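Given next are the chains, with one letter for each unit.
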Amino acid sequence: EESPRLYTREEVRSHSSPETGIWVTLGSEVFDVTEFVDLHPGGPSKLMLAAGGPLEPFWALYAVHNQSHVREILAQYKIGELSPDDKAASILKTSDPYADDPIRHPALKVNSQRPFNAEPPPELLTENYITPNPIFFTRNHLPVPNLDPDTYRLHVVGPPGGQSLCLSLDDLYQFPKHEITVTLQCAGNRRSEMTRFKEVRGLEWSAGAISTARWAGARLCDVLAQAGHQLSETEAHVCFEGLDSDPTGTAYGASIPLARAMDPEAEVLLAYEMNGQPLPRDHGFPVRVVVPGVVGARHVKWLGKVSVEPEESYSHWQRRDYKGFSPCVDWDTVDFDSAPSIQELPVQSAITQPKDGETIESGEVTVKGYAWSGGGRAVVRVDVSLDGGLTWQVAELDGEEQRARKAWAWRLWQLQAPVPAGKKELNIVCKAVDDSYNVQPDTVAPIWNLRGVLSNAWHRVHVHVAP
Ligand code: HEM
Ligand code: MTE
């Protein structure tokens with residue numbers, strides 16, 4: 001028997017487009033799957049996410065591949081093995097504050113490596129109602145702390161005459177366990193569309209800075225009550241501090257009004273589980289705040305301290321960022337003290353299928369996407385247009401039924417519609433309506449702001465129709 005041909009990881013990586021051919025690996029085996037891409041039952045675009053690299057991280061998300069007939073299909077395309085001396089161990093510099101960051105899923109579209117900021121690609125974002133942990137979008141401002149669950153302590157400052165708490169994980173487990181499905185969205189989601197209109201300062205997020213998980217933990221109101229806090233302090237704020245910090249020792253921080261924190265119906269959590277697992281490191285291991293219906297920035301990860309204060313958090317991220325402004329405000333005139341911090345987010349929706357620039361078949365088109373609103377407001381309708389907004393059709397809403405005033409999670413939606421005869425291209429548009437009848441603005445211009453936050457204009461996708 002001939003010995004197999006050997007390839008380096010670098011060679012495999014250079015085969016990731018139709019021009020070079022498409023290679024993937026499984027274990028130490030190398031496959032040329034160029035011919036299979038268009039035959040893939042899950043669609044070519046999903047397979048292409050693994051082009052030039054290992055299949056394992058993707059197949060771990062889709063258990064359908066755990067079958068012998070899938071392995072047999074793949075075996076037909078084997079061309080050799082990875083060279084054994086190609087360990088490709090990455091060289092870690094100890095001086096690098098990010099050297100200890102966790103390993104991430106290769107499907108994530110990285111907007112910044114240090115600190116790590118990444119979103120799932122649109123093909124995967126709405127594949128599941130619950131976003132799998134490895135592809136949940138990640139927004140870090142600082143290196144990820146590496147915390148020991150045994151020595152972890154959460155400090156809860158009590159009121160004058162009350163009792164400060166120093167809680168271990170086991171102490172937190174003693175509070176009633178509360179589990180809810182919550183969609184988390186960054187204020188910068190869809191910022192790249194604002195940038196296209198006019199330059200803004202911030203990371204270039206597409207429509208994927210949003211994800212949904214089942215979160216479980218102690219209710220913040222129960223923990224605050226045990227420390228002796230009461231709702232009587234009406235104007236107060238609950239300030240959170242993360243255990244991630246910059247080289248000067250300044251930690252990430254944010255705050256929410258005490259009234260929301262103390263309201264059992266608001267379901268604010270000190271979460272220690274995400275989709276039935278301990279929180280992944282990128283998402284705040286071992287404990288993070290989850291504030292349903294509120295902007296991502298207040299969901300403080302790696303939570304170290306909770307205190308009730310007369311004023312909002314003095315953190316940069318509470319006072320000098322995550323605020324909205326008029327389109328007329330620029331970096332010379334901006335006055336951060338003049339605007340309220342973003343808390344509840346406005347109604348939002350986006351198209352995840354088809355993708356912008358894609359060529360679709362004539363006949364019928366399936367349009368898919370997500371819709372969500374802040375403050376527990378339910379999505380009551382999603383309208384879709386195939387002609388840039390001249391005529392509309394109502395999409396079908398999937399996903400879990402929503403509770404009145406507690407609609408914390410998104411609805412996925414889809415529309416199947418005939419492609420109008422003779423059309424060479426379609427301008428697909430979506431817009432959602434929430435149960436306060438809030439709607440999305442039709443264009444970016446009137447909501448443009450220098451920081452590129454709250455980008456929720458009608459989402460538009462331009463596609464070509466195959467002749
Ligand atoms: C389905 C093979 C890569 C996502 C399938 C099925 C096969 C297959 C045979 C049908 C299984 C069944 O229903 O019994 C392969 C091979 C791959 C590959 C040989 C690599 C060369 C990927 C990747 C992804 C993916 C990288 C995700 C990023 C899916 C999904 C389905 C599927 C979502 C289910 C489709 C549906 O049921 O509608 N694949 N796959 N596949 N694959 Fe893959
Ligand atoms: N908490 C800490 N400690 N440090 C951070 O950088 N980023 C915030 C918030 N909590 C952040 C944090 C922002 S801006 C967002 S949008 C969410 O975490 C993102 O949460 P995720 O990474 O789990 O998606």
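Structure shown above.
The structure reproduced in this document is the subject of the present report. Per-chain numbering applies: the sequence of each chain, read as written, is numbered from 1 onward. Written order decides the labels, with chains lettered from A and ligands numbered from 1. It should be noted that, the model being predicted, local features are given only for residues of pLDDT at least 70 and side-chain atom pairs only at 80 or more, the latter also being counted only at that level, while totals for whole chains, interfaces and linings use all residues. In computing side-chain values, all of the structure's heavy atoms are included and hydrogens and water are not.

### Re the overall build of the chain
Part 1: The number of helices and strands found in the chain is 10 helices and 27 strands.
Part 2: By the compact-globule yardstick of 23 Å for 467 residues, the chain fits well, its C-alpha radius of gyration being 24 Å.
Part 3: Here's how the labels work: a residue is buried when its accessible area is under 20% of the maximum for its type, exposed when over 50%, partly exposed in between, all with a 1.4 Å probe on protein chains only. Relative to its full complement of 467 residues, the chain shows a buried share of 54%.
Part 4: Taking all contacts inside the chain whose residues are at least 6 apart in sequence as the whole, residues at least 24 apart take part in 70%.
Part 5: Using a 1.4 Å probe, the Shrake-Rupley method yields the accessible areas, and only the shown protein chains count as cover for residues. Carbon and sulfur atoms provide 51% of the accessible area of the chain, an area that totals close to 21500 Å².
Part 6: If you average the places of the 43 positive and of the 62 negative side-chain charges in the chain, the two averages end up 3 Å apart. A run of DSSP states H or I qualifies as a helix once it reaches four residues; a run of E qualifies as a strand once it reaches two. Both are numbered from the N-terminal end. Here the globule rule reads 2.2 Å times residues to the power 0.38, and the radius of gyration is calculated from C-alpha atoms. Every residue pair with non-hydrogen atoms within 4.5 Å of one another is taken to be in contact. Lys and Arg are tallied as positive, Asp and Glu as negative. Neither His nor the chain termini are counted. By convention, the charge on Lys lies at NZ, on Arg at CZ, on Asp at CG and on Glu at CD.

### Some details on the sheet that holds strand β1 (residues 6–7)
Part 1: Here the rule is simple: two strands pair whenever DSSP picks up at least two bridges between them. Taken in spatial order, the 5 strands of this open sheet run β1-β5-β4-β3-β2, and their pairing is mixed. Either end of the sheet is taken by a strand with one partner, and the two such strands are β1 and β2 (16–17).

### A closer look at the nonpolar core
Part 1: Joining through side-chain atoms within 4.5 Å is the link that ties buried Ala, Val, Leu, Ile, Met, Phe, Trp, Tyr and Cys residues into a set, and such a set is a nonpolar core. If you look at the biggest cluster of nonpolar residues, it comprises 52 residues, and the most contacted ones within it are L220, L224, V238 and L303.
Part 2: Judged by nonpolar contacts, the second largest core, of 25 residues, contains F31, A50, A51 and A118.

### Quick notes on the site of ligand 1
Part 1: Consider each residue's heavy atoms; a residue with any of them within 4 Å of a molecule or strand counts as near. For ligand 1, the set of nearby residues contains 20 residues, the closest of which are H40, W59, H65, Q67 and H69.
Part 2: Pairs of N or O atoms are called polar contacts if they sit within 3.5 Å, as long as, within protein, a hydrogen donor faces a hydrogen acceptor (for residues adjacent in sequence, only side-chain-to-side-chain pairs). One of the side-chain nitrogen or oxygen atoms of H65 is found 2.9 Å away from a nitrogen atom of ligand 1.
Part 3: At 3.0 Å from an oxygen atom of ligand 1 is found a side-chain nitrogen or oxygen belonging to Q67.
Part 4: Taken together, the elements giving at least two residues each to the shell around ligand 1 come down to α2 (44–48), α3 (56–59) and α4 (68–75).
Part 5: Here the shell around ligand 1 gets 4 residues from one element, more than from any other, and that element is α4.
Part 6: Residue classes in the shell around ligand 1 are distributed as 14 nonpolar, 5 polar and 1 charged. As a working rule, the residues Ala, Val, Leu, Ile, Met, Phe, Trp, Tyr, Cys and Pro are called nonpolar, Asp, Glu, Lys and Arg charged, and the rest polar, with Gly in that last group.

### Here we look at the sheet that holds strand β20 (residues 359–360)
Part 1: The sheet built from 5 strands is open, its strands ordered β20-β27-β26-β22-β23 with mixed pairing. Taken across any chain shown, the strands that pair with only one partner, and hence form the sheet edges, are β20 and β23 (393–394).
Part 2: Note: strand β22 (residues 379–385) against β23, 2 bridges, orientation antiparallel. Across the sheet, the residue bridging to D383 is V394, located in β23.

### Brief notes about the site of ligand 2
Part 1: Neighbouring ligand 2 are 20 residues; F137, D244, H283, R288 and K301 lie closest to it.
Part 2: In the model, an oxygen atom of ligand 2 is placed 2.9 Å from a nitrogen or oxygen of the R139 main chain.
Part 3: Elements represented by at least two residues in the shell around ligand 2 include exactly β8 (138–139) and β13 (237–245).
Part 4: In the shell around ligand 2, the residues fall into 9 nonpolar, 7 polar and 4 charged.

### Considering the coordination of the iron atom of ligand 1
Part 1: Donor criterion used throughout: N, O or S atom within 2.8 Å of the metal, extended to 3.2 Å for Na, K and Ca. Water excluded; incomplete-looking sites may result. Taken together, the protein ligands of the iron atom of ligand 1 are H40 (NE2) and H65 (NE2), with distances of 2.0 to 2.1 Å.
Part 2: Any site counts as irregular unless it has four donors with all angles between 85 and 135 degrees, making it tetrahedral, or four or six donors with opposite ones more than 155 degrees apart and the rest between 65 and 115, making it square planar or octahedral. One way to put it: the 6 donor atoms around the iron atom of ligand 1 meet at angles of 89 to 179°, and that makes the site octahedral. Taken together, the residues H40 in the loop between β4 (29–32) and α2 and H65 in the loop between α3 and α4 connect sequence positions 25 residues apart.
Part 3: Judged by its relative accessible area of 15%, H40 is buried.
Part 4: Classification of H65 by relative accessible area gives buried; the value is 13%.

### Focus: empty space enclosed by the protein
Part 1: In this analysis, the protein atoms alone were mapped onto a 1 Å grid. Cavities are point sets where a 1.4 Å probe fits without being able to get out; pockets are open sets with protein on both sides within 12 Å along at least five of seven lines; lining residues have an atom within 4 Å of a point. Grid points are joined across faces, edges and corners, and a volume is the space filled by probe spheres set on the points. Taken as a whole, this structure holds 3 cavities of 30 Å³ or more when the rule is applied.
Part 2: Of the voids in this model, the largest cavity is the one considered here, and its volume is about 220 Å³.
Part 3: R139, R288, G296, H299 and K301 are, among the 19 residues lining the largest cavity, the residues nearest its centre.
Part 4: The residue inventory of the lining of the largest cavity, partitioned by class, reads 9 nonpolar, 6 polar and 4 charged.
Part 5: For the second largest cavity, the calculated volume is near 60 Å³.
Part 6: Along its surface, the second largest cavity is lined by Q185, C186, A187, N189, L345, P346, Q348, L454, S455 and N456.
Part 7: The class makeup of the residues in the lining of the second largest cavity is 5 nonpolar, 5 polar and no charged.

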